[in-house]
Amino acid sequence: MKFMKLGSRPDTFFTTEAVRSVSSEISSDLTVQVKGSRYLLHKFPLLSKCLRLQRVCFESPEKTSQHQIVQLPDFPCGIEDFELCAKFCYGITITLSAHNIVSVRCAAEYLQMTEDVEKGNLICKLEVFLNSCVLSGWRDSILTLQTTKSFPLWSEDLGITSRCIEAIASKVLAHPIKMNLSRSYSRRGGRDDVSCNGSESLRHNKPLSKDWWAEDLAELSIDLYWRTMIAIKSGGRVLSNLIGDALRIYASRWLPNISKYANHSDSNSIGKHRLLLESIISLLPAEKGAASCSFLLKLLKAANILKASSSSKMELARRVGLQLEDATVGDLLIPCVSKTSDTIYDVDIVMTILEQFMLQGHESPPTSPPRRIKGGFDRRRRSRSAENIDLEFQESRRSSSASHSSKLKVAKLVDGYLQQIAREEKLPLSKFVSIAEAIPEFSRLDHDNLYRAIDIYLKGHPGLNKNERKRLCRMLDCKKLSMEVCMHAAQNELLPLRVVVQVLFFEQARATMSGGHVTELPSNIKALLDDPSKTSASFTNVTNVTNDDQWSASGKISTLKMKLNEDLDENYVDGNGRSKASCVFPTRPKRMFSKLWSSNRSVVSEKN
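Position numbers for residues count from 1 along each chain, tracking the sequence in the order it is written. Side-chain atom pairs in this predicted model are given and counted only at pLDDT of 80 or more, local residue features only at pLDDT of at least 70, and totals for whole chains, interfaces and linings cover all residues. Where side-chain values are given, they derive from all heavy atoms of the structure, hydrogens and water being excluded.

Going by the annotation in an unreviewed UniProt entry, the name recorded for the protein is NPH3 domain-containing protein, with Anisodus acutangulus given as the source organism. UniProt positions are given in the numbering used here, feature names are shortened, and annotations may be inferred rather than shown by experiment. Here is the UniProt Sequence similarities (unreviewed entry) comment for the protein, exactly as written: "Belongs to the NPH3 family."

Dropping the structure here:
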């Protein structure tokens, strides 16, 4: 820290009965009352440097009195600042630094200690010290800027705040290696104490990291921090990801444990943190990846809890959508604090994020190369060389693959998220299905995780009717289920019968093909797997096309066919008003499917 000493005389101020006086052979002829304190001083040294005191004494009705009393009711600073100004008038040694430069400068301005009164007056010396010493140092600039909070109007009028911000921004925009006055570095053992009218005590020339400034700026209040970051961003020399890291550091410093405000009644505290949060959001760089997806989602959680504006939430959702593939399931578990919703997590905002992800211009999966027409490419490309065409195609394929890869990651993320929210008893089926169907079908290479999410939802919502269970399972593609999941699904009594049938047929066909008996699925089985609505017709054709080697459990298949037909004919009842299906099968039919499953698999094993 830099400091400056003015004056050469020893301190002769003393206190007697709560009155501050100056030890002198000349009796006091001026009493100054400021901030509830009284000072017994002398007119000559003070009036020769303080224009305001001159005018007050001249305008005083008791100006002919040998001892005048002056009151300063609107003095903007503390009594210690007035005393420093008074000591300067007496030539007593005073010490100035970044800690008191602002307050003394405001006091000197109030007392009008200008060059018009006397050459080399206090204001002139303070300005020289501020501009040449204080603002040239990193730590001193930050300390000075922090002290302006105590005198906001005076600091703005005198230009101290703006000068501090400009000085800080210029140092951040400079090459980091050239700066070695970071406060965080000083806390690790470095010092940079320098006397402005003396010699340098100690200086370290250790290089710092690129974001050495972020931790130091995090000590600023949000209004000063916002103005400083705007100045840094406008310089255009700091990478956007460093700006994002700085905002993350600041948020972690001032927005800890936001969850405690979820049911908080202190509106002032919530309003203060909401303003801080929205200011941070407004500072986020526009570039994709400037702030990590995890950090953005943490801000979104805080925005929900602090009831931030809808525009702030939408901006965060848009930014998260740009890089959703980098998120984790835990990041998406955003608590819901809306009084109109009974769910634990905010599913609506996640749906908004998914919509934004799909709107980011992502292309379809990689496609095949352009077709050649009549021995060459189409007419628009004939003028280009074959090499250029190949390079363009490779580049297009790479960019398309990257887009497709992000969709694959998001599909896994969504399925994991569905497994977490499926446990909520009050989660509507429509929202669960909307989340599941928000991503394109091709992005799910397998449906194992989707099946697990559906299974969890079925267990957590036993009151679903048949149509609701069918609606839930309609998005499940049995062809994309693994062997292990198929075994579980075949014995899952919560699934609609049609799904179980599809699982059994597909797995039987897959087992048959893997045994080397057929090289391709029969057309009727293909139709069954591709179009579930043709299930009944496919049953009829299967027993006719397949031979005994391929389907050894034909009798059980016939029974399965009969049960399926009964399930499809939901309106068919007997004379007593009971469903035919319940009459024929008084016990649980899924256990029969399990036996059929094991029987079919044993047949395949014997064939092999």
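After that view of the structure, there is still more to cover.
Asker: Tell me what's going on with the packing of helix α4 (residues 101-111) against helix α5 (residues 122-134), and back it up with residues and numbers.
Answerer: The N-to-C vectors of α4 and α5 enclose an angle of 150°; their axes lie 9 Å apart at closest approach. One way to sum up the angle between α4 and α5 is to call them roughly antiparallel. Every pair of crossing elements has a handedness; the one defined by α4 and α5 is left-handed. Across the interface between the two elements, Ile-101, Val-104, Arg-105, Ala-108 and Glu-109 of α4 pack against Leu-122, Ile-123, Leu-126, Glu-127, Phe-129 and Leu-130 of α5. Any residue that is not Ala, Val, Leu, Ile, Met, Phe, Trp, Tyr, Cys, Pro, Asp, Glu, Lys or Arg is counted as polar, Gly included; the first ten are nonpolar and the last four charged. Across the contact of α4 with α5, the residue classes break down as 8 nonpolar, no polar and 3 charged. Between N-to-C directions, angles cover 0 to 180 degrees, with each direction set by a line fitted to C-alpha atoms, over the stretch in contact for helices. For the purposes of this entry, the term helix denotes a DSSP run of H or I that reaches at least four residues, the term strand denotes a run of E that reaches at least two, and both are numbered from the N terminus. Every angle not falling under 35 degrees, over 145, or within 65 to 115 is termed oblique; those three ranges are roughly parallel, roughly antiparallel and roughly perpendicular. Crossing handedness is defined as follows: a turn of the near helix away from the far one that is anticlockwise and smaller than a right angle gives a left-handed crossing, while the clockwise case is right-handed. Residues count as neighbours in contact if any of their non-hydrogen atoms are within 4.5 Å of one another.

Asker: Can you break down the confidence of the model for the protein residue by residue, with the values?
Answerer: As a per-residue quantity, pLDDT reports the predictor's confidence and falls between 0 and 100. Predicted confidence across the protein gives a mean pLDDT of 79, with 69% of residues reaching 70 or more. A low-confidence stretch, residues 198-206 (pLDDT under 50), is modelled with 20 contacts involving residues beyond four sequence positions or located in other chains. Low pLDDT, under 50, characterises residues 532-560; the stretch is placed with 54 contacts to residues that sit more than four places away or in other chains.

Asker: How would you explain the state of the cysteines if you had to name every residue and give the values?
Answerer: Count a disulfide wherever a pair of cysteine sulfur atoms falls within 2.5 Å. Taken as a whole, this structure holds 0 disulfides when the rule is applied. No disulfide involves Cys-85; its sulfur sits 6.9 Å from the nearest other cysteine sulfur, which is in Cys-50. Working definition: with a 1.4 Å probe on protein chains only, accessible area under 20% of the residue-type maximum means buried, over 50% means exposed, and in between means partly exposed. Cys-85 sits in the buried class, given a relative accessible area of 0%. The structure places no disulfide on Cys-478, whose sulfur is separated from the nearest cysteine sulfur, that of Cys-486, by 7.0 Å.

Asker: Describe the environment of Leu-275, listing the residues and the values that go with them.
Answerer: In this structure, Leu-275 sits in helix α13 (residues 267-283). By relative accessible area, Leu-275 is classed as exposed at 51%. As for Leu-275 and Ile-222, which are separated by 53 residues in sequence, their C-alpha atoms are 8.7 Å apart.

Asker: Describe unusual backbone geometry, naming the residues involved and giving the relevant values.
Answerer: With a phi close to 50°, Glu-17 is a non-glycine residue in the positive phi region. Within the secondary structure layout, Glu-17 lies in the loop between β2 (13-16) and β3 (19-22). What makes Glu-17 exposed here is its relative accessible area of 76%. In this structure, Ala-18 is a non-glycine residue whose phi angle is positive, near 65°. Examined against the element boundaries, Ala-18 turns out to sit in the loop between β2 and β3.

Asker: Tell me about the environment of Glu-83, residues and numbers included.
Answerer: Along the polypeptide, Glu-83 turns up in helix α3 (residues 79-90). Each C-alpha atom of the pair Glu-83 and Val-104 lies 9.6 Å from the other, and the pair is 21 residues apart in sequence. With residues up to four places along the chain from it excluded, the contact list for Glu-83 reads Phe-13, Arg-20 and Tyr-39.

Asker: Talk me through the sheet that holds β3; I want residue IDs and the actual numbers.
Answerer: One bridge is not enough; two strands pair if DSSP finds at least two bridges between them. Reading across from one edge, β2-β3-β5-β4-β6 is the order of the 5 strands in this open sheet, with mixed pairing throughout. Looking at the sheet topology across the chains shown, the edges are occupied by β2 and β6 (68-71). The average undirected angle you get between the axes of adjacent strands in this sheet is 25°. In terms of strand pairing, strand β4 (residues 30-34) meets β6 through 4 bridges, oriented parallel. Pairing of Leu-30 across the sheet is with Gln-68, part of β6. Against the sheet, α3 makes contact with β2, β3, β4 and β5 (37-41), and its axis sits at roughly 5° relative to β5, the strand it touches most.

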